[in-house]
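Chain residues, written in single-letter form:
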Amino acid sequence: MNVTCVVDDAVQRSSPFWGEHGLAFLIETEAGCVLFDTGQSGTVLLHNLELLDVDPVTINALAISHAHYDHTGGLPALLERVHPAIPLYANPDLFRVRFSRQGGELRSMGLSLTREELTTRLTLRLSGVPQEILPGVWTTGEIASRPEPEGRSARHLVREGDALVPDPYRDDMALVLEMGDRLVLLCGCCHAGLLNTLAHVQRIFERPIVAIAGGLHLTSATADHLQRVSDVLVGMESVQRVYPNHCTGEAAFIALTLTLGPSVVRPCPAGTVLEM
Ligand SMILES: [Fe+2]
Ligand SMILES: [Fe+2]
């Protein structure tokens, strides 16, 4: 199984890959390939896929971590190029209208496509429980138990009746890759919280996690919480690689590197092939 970061906020110096705020990973297995998230725009997504020599028509399935534009913005361009009726895996709450409040202004930041627009091109597989996309490639389902801090932004809102309330991020899910008796966790934004997501995966999949990659949304984490996350990861002796990118935040990247060491914590700009 190969996992490649297709879109990230960062690119390596002199890299031909393009970067923008967003995320996408390509998972290639013997049974086919899955695109997890689509970045913020078709322009960057399609450019980077072309560099990887991946024709969108060869993608067997799509999975969407959550509705935010930086994960779903590449979908409209992709829909015109993928094989008709391939499945799209996501949480049923994907279509909820979501906002970001900046100053006094509300900006829509959810999915730009309607359910009807998606269903004319794709087969929707929406579920709150884990689904197997290809052999060994699973969605986490909804991370419902959240005793630890979530990966929250105070700006993220949804409408409830006449009121705007904090986004519950019910749509947030990650992917779990089975590598024999071990697991790899791929996160989108991890709004459900990294520690909650890890506990959920350990409870459901019951195998040691060897690698964690993706947006860990620790930008607003307190120093105490960053320390706690680092301590938990150190305590998970099976973890050999952590590839934080996208919305993880520089302070978190540094804190994780200081605790786990640079041989474990690796940068993950667009074009990175994960070592697992
Ligand atoms: Fe994001
Ligand atoms: Fe997000």
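Below, the structure is looked at part by part. Just so we're clear, the structure is a prediction, and the values are computed from it rather than from any experiment. (Residues numbered from 1 in each chain as written. Chains lettered and ligands numbered in written order. Predicted model: local features only at pLDDT ≥ 70, side-chain atom pairs only at ≥ 80, totals over all residues. Heavy atoms only, no water.)

Describing the coordination of the iron ion (ligand 2)
- At 2.1 to 2.8 Å from the iron ion (ligand 2) lie its protein donor atoms, namely H66 (NE2), H68 (ND1), C189 (SG) and H191 (NE2).
- Considering all 4 donor atoms around the iron ion (ligand 2), the spread of angles at the metal, 91 to 173°, places the coordination shape in the irregular class.
- Counting the intervening residues between successive donors of the iron ion (ligand 2) yields the motif H-x1-H-x120-C-x1-H. (Donors = N, O, S within 2.8 Å, 3.2 Å for Na, K, Ca; no water. Tetrahedral: all angles 85-135°; square planar, octahedral: opposite > 155°, others 65-115°.)

Re the coordination of the iron ion (ligand 1)
- Ligation of the iron ion (ligand 1) by protein atoms is provided by D70 (OD), H71 (NE2), C189 (SG) and H246 (NE2), these donors lying 2.1 to 2.2 Å from the ion.
- Between consecutive donor residues of the iron ion (ligand 1), the sequence gaps follow D-H-x117-C-x56-H.
- In this structure, the iron ion (ligand 1) lies 3.5 Å from the iron ion (ligand 2), and both are coordinated by C189. Taken together, the positions of C189 in the loop between β14 (182–187) and α5 (194–205) and H246 in the loop between β16 (241–245) and α7 (250–260) put the pair 57 residues apart, joining distant regions of the chain. H246 carries the same exposure label as C189, and that label is buried. (Helix = DSSP H or I, 4+ residues; strand = E, 2+ residues; numbered from the N terminus. Buried < 20%, exposed > 50% of the residue type's maximum accessible area, 1.4 Å probe, protein only.)

Comments concerning the sheet that holds strand β8 (residues 123–126)
- The strand order β1-β2-β3-β4-β5-β8 describes an open sheet built from 6 strands, whose pairing is mixed. Only two strands of the sheet have a single partner each, and these edge strands are β1 (2–7) and β8. Here the average twist between neighbouring strands, direction ignored, is 20°.
- As paired strands, β1 and strand β2 (residues 24–29) are joined by 5 bridges and run antiparallel to one another. Paired with V7 across the bridge in β2 is A24.
- Against the sheet, helix α1 (residues 42–51) touches β1, β2 and β3 (32–36), its axis set at about 140° to β1. (Pairing = 2+ DSSP bridges. Axes fitted to C-alpha atoms, helices over the stretch in contact; angles between N-to-C directions. Contact = heavy atoms within 4.5 Å.)

Re the state of the cysteines
- In total, this model carries 0 disulfides according to the counting rule given.
- You can see C33 has no disulfide; the closest cysteine sulfur is in C5, sitting 15 Å from it.
- In this structure C33 comes out as buried when scored by relative accessible area, which is 9%.
- Of the cysteine sulfurs around C187, a residue in no disulfide, the closest is that of C190, at 3.8 Å. (Disulfide = S-S within 2.5 Å.)

What about the side chain of T248?
- Mapping T248 onto the fold places it in the loop between β16 and α7.
- From its side chain, T248 meets the backbone nitrogen of L216 in a polar contact 3.1 Å long.
- Here T248 is in contact with G214, G215, L216, H217, L218, T219 and F253, once residues within four sequence places are set aside. (Polar contact = N/O pair within 3.5 Å; in protein donor to acceptor, adjacent residues only side chain to side chain.)

Quick word on the sheet that holds strand β9 (residues 132–134)
- Read from one edge of the open sheet, 6 strands run β9-β10-β13-β14-β15-β16, paired in mixed fashion. Strands at the two margins of the open sheet, each flanked by one partner only, are β9 and β16. On average, each strand axis in the sheet is inclined to that of its neighbour by 20°, with strand direction left out of account.
- Where strand β13 (residues 175–179) and β14 come together, 5 bridges link them in antiparallel fashion. Bridge pairing in β14 places E178 opposite L183.
- Across the sheet, α5 touches β10 (137–139), β13, β14 and β15 (209–215), and the angle it forms with β14 is around 145°.

Topic: the packing of aromatic side chains
- For the coordinates displayed, the defined rule picks out 1 aromatic pair.
- In this arrangement the basic side chain of R107 is found over the ring face of Y69, its NZ or CZ atom lying 5.3 Å from the centre. (Phe/Tyr/Trp six-rings, centres within 6.5 Å; stacked < 30°, edge-to-face > 60°. Lys NZ or Arg CZ within 6 Å of the ring centre and 35° of its normal.)

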